[in-house]
Each structure stands twice: as structure tokens, then as C-alpha cells.
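Residues per chain are reported as follows:
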Amino acid sequence: MITAHLINNSVKSNDPKAYNLTKTNFFGEKVGETIEYSLFEAMYLVETKKIEILFNNKLLDHQDIDKKFSKIDKKFGIRYAVYKHLRKNGHIPKTALKFGAEFRVYEKGKGPGKGHSKWIVFTDSEKGQNSWHDFSAKNRVAHSTGKKLLLAIVDDEKDVLFYEVAWTKI
């Protein structure tokens, strides 16, 4: 099992096994001499028993991690439900902050360095409200980056419904 540390709202590890997991399964990013995980990657790896997370040298249990991550990211539960669904179905979701979205998603069998991401994903709860202006802005971001727009809607039971939006010439 990989040991990671929650430091300044970020999960990091310098465990040799972390480097291998990054190369083989695209979890985390190498930053300097450490592997840095997104909160979603870290939670998924905890649930699949690949890592353990320490905070101030104290081992955190699943509930502690969920509380801490939810304080860092108010929409953590919704975003994590989408991340988990994508990962379980063989896709590789990575952060897409530079696009103003939650995730960029690679198709099965591809990952960073092995191809370009196919989708840019925006998440919301089924109770969320978006205007046509918001929808248009999201669609423009996807189009300008050469990706398909994927809207992920999460219900109260954490089930995820995806809507793919694509441009069409008539």
C-alpha cells in the first residue's frame, strides 16, 4: 500500500510504488520529486485500498478523508461521484482546471501522453440550475479545445447521468 500525506489541501507521496502507479494507471502527476494526487484520485485509491492518507502523521479513515476533502471542495461529493463512475468504466479522468471544467477525460486504453482527451466534463447536481449563457460558455470551451462537451448530472443517490453535446453542421 502506498503512503500519502495530506499537506496544504493536497495529497502527495514520494513512495516508490506511487511512481509506478502513475506510469501504469495514470494516477497522480509528478511534481518535483513527489507524486501529487487530485482529491478525487486520492479518494478512489483509498476506496480501492491502494493508498492510505496521513494528516499530521495520523492515519485518516474514509470518513475523515471525506470530511476534509468536502471542506476543501464544497462540490466534492458530486464531482467524486462522476470521477468514480468514469474510472470504474475504464476512462481516465484528469483535472481540467485550466479549461475551467472539472475533468478532461481520456477514452479507454488512452491516457496522458498516449493521446488527447476526448471530453471536457462539467458536473452538477440534478437540483442545479444553469442558464443558457452558462451552457453556451461551456460548449464554447469544449469546441475551442477540440473536445466534446460532457455534462454529468448527479442525483441524490449519487447516480450519474451523462449528456454529450457536439456541434453539427447543417
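Above: the structure in question.
Residues numbered from 1 in each chain as written. Predicted model: local features only at pLDDT ≥ 70, side-chain atom pairs only at ≥ 80, totals over all residues. Heavy atoms only, no water.

**Brief notes about the packing of aromatic side chains**
Note the cut-off: Working definition: a ring pair exists when centres of Phe, Tyr or Trp rings (six-membered ring for Trp) sit within 6.5 Å. Plane angles under 30 degrees give stacked, over 60 give edge-to-face, the rest tilted. Helix and strand definitions here come from DSSP, where helices need a minimum of 4 consecutive H or I residues and strands a minimum of 2 consecutive E residues; each element is numbered from the N-terminal end. Using a 1.4 Å probe on the protein chains alone, a residue whose accessible area is under 20% of its type maximum counts as buried, one over 50% counts as exposed, and one in between counts as partly exposed.
Per the counting criterion, the structure on display carries ten aromatic pairs. A centroid spacing of 5.5 Å and a plane angle of 10 degrees characterise the contact between F40 and F76, whose relative ring orientation is stacked. Of this pair, F40 sits in helix α2 (residues 39–47) while F76 sits in helix α4 (residues 76–88), and the two are 36 residues apart along the sequence. With a relative accessible area of 1%, F76 lands in the buried category. Ring centres 5.3 Å apart and planes at 70 degrees place the aromatic pair F40 and F103 in the edge-to-face group. With F40 in helix α2 and F103 in strand β8 (residues 101–106), this pair connects stretches of sequence that are 63 residues apart. Site record: aromatic cluster; members linked through ring pairs are F27, F40, Y44, F69, F76, Y80, Y83 and F103.

**Some details on the sheet that holds strand β4 (residues 34–37)**
Put simply, the rule reads: Here, strands pair whenever DSSP counts at least two bridges between them.
On the basis of which strands lie adjacent, the open sheet formed by six strands has the order β3-β4-β2-β1-β5-β6 and mixed pairing. A strand with exactly one partner marks an edge of an open sheet, and here the two such strands are β3 (29–31) and β6 (58–59). As paired strands, strand β1 (residues 2–7) and strand β2 (residues 10–13) are joined by three bridges and run antiparallel to one another. Each residue of the ladder has a partner; that of H5, found in β2, is K12.

**Thoughts on the packing of α2 against α4**
Short version of the rule: Only the contacting stretch of a helix is used when fitting its axis, a line to C-alpha atoms as for every element, and angles between N-to-C directions run 0 to 180 degrees. If you view the pair so one helix is near and one far, a crossing is left-handed when the near helix is turned anticlockwise from the far one by less than a right angle, and right-handed when it is turned clockwise. Residues are treated as being in contact if the distance between any of their heavy atoms lies within 4.5 Å. Throughout, the ten residues Ala, Val, Leu, Ile, Met, Phe, Trp, Tyr, Cys and Pro are labelled nonpolar, Asp, Glu, Lys and Arg are labelled charged, and all others, Gly among them, are labelled polar.
Contact geometry of α2 with α4 gives a least axis separation of 10 Å together with a crossing angle of 60 degrees. Of the two possible hands of crossing, α2 and α4 adopt the one that is right-handed. Contacts between α2 and α4 pair L39, F40, E41, M43, Y44 and E47 from the former with F76, R79, Y80, Y83, K84, R87 and K88 from the latter. Grouping the amino acids of the contact of α2 with α4 by side-chain chemistry returns seven nonpolar, no polar and six charged.

**Concerning the sheet that holds strand β7 (residues 92–96)**
Backbone-to-backbone hydrogen bonds pair the strands of a sheet. The strands run either parallel or antiparallel. With mixed pairing, the five strands of this open sheet are ordered in space as β7-β8-β9-β10-β11. The sheet is open, and its two edges are formed by β7 and β11 (160–165), each paired on a single side. Geometrically, the sheet is characterised by an average inter-axis angle of 30 degrees between neighbouring strands, direction not taken into account. In the sheet, strand β9 (residues 119–125) pairs with strand β10 (residues 148–154) via seven bridges, with the strands oriented parallel. In the sheet register, T123 faces β10, and the bridge partner there is A152.

**Observations concerning the nonpolar core**
One recurring pattern in soluble globular proteins: nonpolar side chains tend to sit buried together. Our working rule: The criterion is simple. A nonpolar core is a set of buried Ala, Val, Leu, Ile, Met, Phe, Trp, Tyr and Cys residues joined through side-chain atoms within 4.5 Å.
Counting 36 residues, the largest nonpolar core has V11, Y37, I51, I53, F69, V82 and V121 as its most contacted members. The contacts of I53, once residues within four sequence positions are left out, are A4, H5, L6, V11, A42, V46, K58, L59, L60, I65 and F69. Residues A101, I120, L151 and V165 belong to the second largest nonpolar core, which totals eight residues.

**Examining the side chain of S10**
Looking at the secondary structure, you find S10 in strand β2. Among all residues touching S10, those that are not within four sequence positions of it are H5 and E36.

**Focus on unusual backbone geometry**
Where the residue is not glycine, phi is negative for most of them; where a peptide bond is considered, it is trans in most cases. Despite not being glycine, N57 has its phi angle at roughly 60 degrees, a positive value. The exposed category is assigned to N57, whose relative accessible area is 69%. Positive phi is not limited to glycine here, since K158 has a value of about 70 degrees. In this fold, K158 is placed in the loop between β10 and β11.

Keep in mind these values describe shape, not function.
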